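Now for the letters of each chain:
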Amino acid sequence: MANKSTSSKGSTVTAETPAVAATKGKICPIVKYGDPVLEKPAATITEFDTELGQLVEDMFASMYAANGVGLAAPQIGKSIRLAVVDVTLGKNPEAKIVLVNPEIIHAEGEVREEEGCLSVPGFRGYVVRPQFVTVRAQNAKGETFEIRGENLLARAFCHEIDHLHGILFLTHLSMLKRDLIKRKIKKLRKEGEW
Ligand code: NI
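These notes cover the structure that comes with them. (Residues numbered from 1 in each chain as written. Predicted model: local features only at pLDDT ≥ 70, side-chain atom pairs only at ≥ 80, totals over all residues.)

1. A short note on the overall build of the chain
Then, in step 1: Within the chain, the secondary structure is distributed over five helices and seven strands.
Then, in step 2: Its helices and strands in sequence order give the chain the pattern α-α-α-β-β-β-β-β-β-β-α-α, from N to C terminus.
Then, in step 3: Out of the 194 residues belonging to the chain, those deemed buried represent 37%.
Then, in step 4: Look at the contacts in the chain between residues 6 or more apart in sequence, and 67% of them connect residues 24 or more apart. (Helix = DSSP H or I, 4+ residues; strand = E, 2+ residues; numbered from the N terminus. Buried ≥ 20, exposed ≤ 12 C-beta atoms within 10 Å, placed from the backbone. Contact = placed C-beta atoms within 7 Å.)

2. Section: helix 4 (residues 152-164)
It helps to recall that an α-helix has 3.6 residues per turn; residues three or four apart then point in one direction.
Then, in step 1: Between its first and last C-alpha, helix 4 extends 19 Å over 13 residues, near the 18 Å set by a 1.5 Å rise per residue.
Then, in step 2: Judged by how many residues are buried, helix 4 sits mostly within the fold: twelve of 13 residues are covered.
Then, in step 3: Among the residues of helix 4, Leu 153, Ala 154, Arg 155, Ala 156, Phe 157, Cys 158, His 159, Glu 160, Ile 161, Asp 162, His 163 and Leu 164 are the ones counted as buried.
Then, in step 4: Backbone geometry just after helix 4 places Gly 166 at a positive phi near 80 degrees. (Expected span 1.5 Å × (residues − 1).)

3. A short note on the nonpolar core
Then, in step 1: With 45 residues, the main nonpolar core has Met 59, Ala 83, Val 84, Val 85, Leu 99 and Phe 157 as its most contacted residues.
Then, in step 2: Secondary structure elements with two or more residues in this core: helix 3 (50-65), strand 1 (70-72), strand 2 (82-85), strand 3 (97-108), strand 6 (132-138) and helix 4.
Then, in step 3: Leaving out residues up to four positions away in the same chain, Met 59 has contacts with Gly 25, Leu 71, Ala 73, Ile 76 and Val 84. (Core = buried A, V, L, I, M, F, W, Y, C linked by C-beta atoms within 7 Å.)

4. Focus: the sheet that holds strand 6
Then, in step 1: Ordered by their spatial adjacency, five strands build an open sheet running 1-2-3-6-7, and the pairing between neighbours is antiparallel. Each having just a single partner strand, strand 1 and strand 7 (144-150) make up the two edges of the open sheet. Sheet twist, expressed as the average angle between the axes of neighbouring strands with direction ignored, equals 35 degrees.
Then, in step 2: Where strand 1 lies against strand 2, three bridges are found, and the strand directions are antiparallel. Directly across from Ala 72, in strand 2, lies its bridge partner Ala 83.
Then, in step 3: Of the strands in this sheet, strand 1, strand 2 and strand 3 touch helix 3, which is tilted by about 45 degrees from strand 2. (Pairing = 2+ DSSP bridges. Axes fitted to C-alpha atoms, helices over the stretch in contact; angles between N-to-C directions.)

5. Digging into the pairing of strand 7
Then, in step 1: When strand 6 meets strand 7, the two strands line up antiparallel, connected through seven bridges. Of the residues in strand 7, the one forming a bridge with Val 133 is Gly 149.
Then, in step 2: The antiparallel pairing of strand 6 with strand 7 creates a hairpin that spans five residues between the two strands, and Gly 142 there sits at a positive phi of about 95 degrees.

6. Focus: the environment of Glu 150
Then, in step 1: Structurally, Glu 150 can be placed in strand 7.
Then, in step 2: Residues Glu 150 and Val 133, spaced 17 residues apart in sequence, show a C-alpha to C-alpha distance of 6.7 Å.
Then, in step 3: Aside from chain neighbours lying at most four places away, what touches Glu 150 is Gln 131 and Phe 132.

7. With respect to helix 5 (residues 175-190)
Then, in step 1: If you check helix 5, its first and last C-alpha atoms are 22 Å apart, about what 16 residues at 1.5 Å a residue would give, namely 22 Å.
Then, in step 2: The first or second residue beyond helix 5 is Gly 192, which carries a positive phi of 75 degrees.

8. Let's talk about unusual backbone geometry
Then, in step 1: Here Asn 67, not a glycine, exhibits a phi torsion of approximately 60 degrees, which is positive.
Then, in step 2: Within the secondary structure layout, Asn 67 lies in the loop between helix 3 and strand 1.
Then, in step 3: The phi angle at Asn 151 is positive, at roughly 50 degrees, despite the residue not being glycine.
Then, in step 4: For Asn 151, a count of 15 C-beta atoms within 10 Å puts it in the partly exposed group.

9. Brief notes about the environment of Leu 168
Then, in step 1: One can find Leu 168 in the loop between helix 4 and helix 5.
Then, in step 2: Overall, the presence of 17 C-beta atoms within 10 Å leaves Leu 168 in the partly exposed class.
Then, in step 3: Sequence spacing of Leu 168 and Tyr 33 is 135 residues, and the spatial spacing of their C-alpha atoms is 8.6 Å.
Then, in step 4: Discounting chain neighbours no more than four positions away, the residues touching Leu 168 are Tyr 33, Leu 38, Cys 117 and Val 120.

Quick look at the structure:
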């Protein structure tokens, strides 16, 4: 999921927090809308090895570099059920959340808010999401845990778990808005700018 301020404001946030944002991971290019990997269901993770641990670090590094508050593995071309979330943009190391094989087990309330996605850069739209969700997931070691999120965190959980089902936020927009964005992307692609 993309940060609210993707413009110059967003990079200021990163500049203020180099100590935390500098992880051991490598920055991977983010796959854009149009790549089939974004629209297919990702595979369940069964191996909790050092390779997965490294991938988690790469995901955080890639997310912070792009000023995102969430990133799903398909967005770096890996079709596996892994996502990372940090709604503090790296300001609080305690806020780093790793979701392996996550599922929403409870949802409550509704909030309509603007949303974006690192794989659909430059476009935003209003999406209704639950106000509260409870997610059951595994961590990078394979241990099961539950976490509750409210508002932006709940939204980020829903957005990233959608990615693992091959669903983009565009799906939740009005048909009019979705078609408008798709037309603009088509044009950008023709111009070689997507
Ligand atoms: Ni996204």
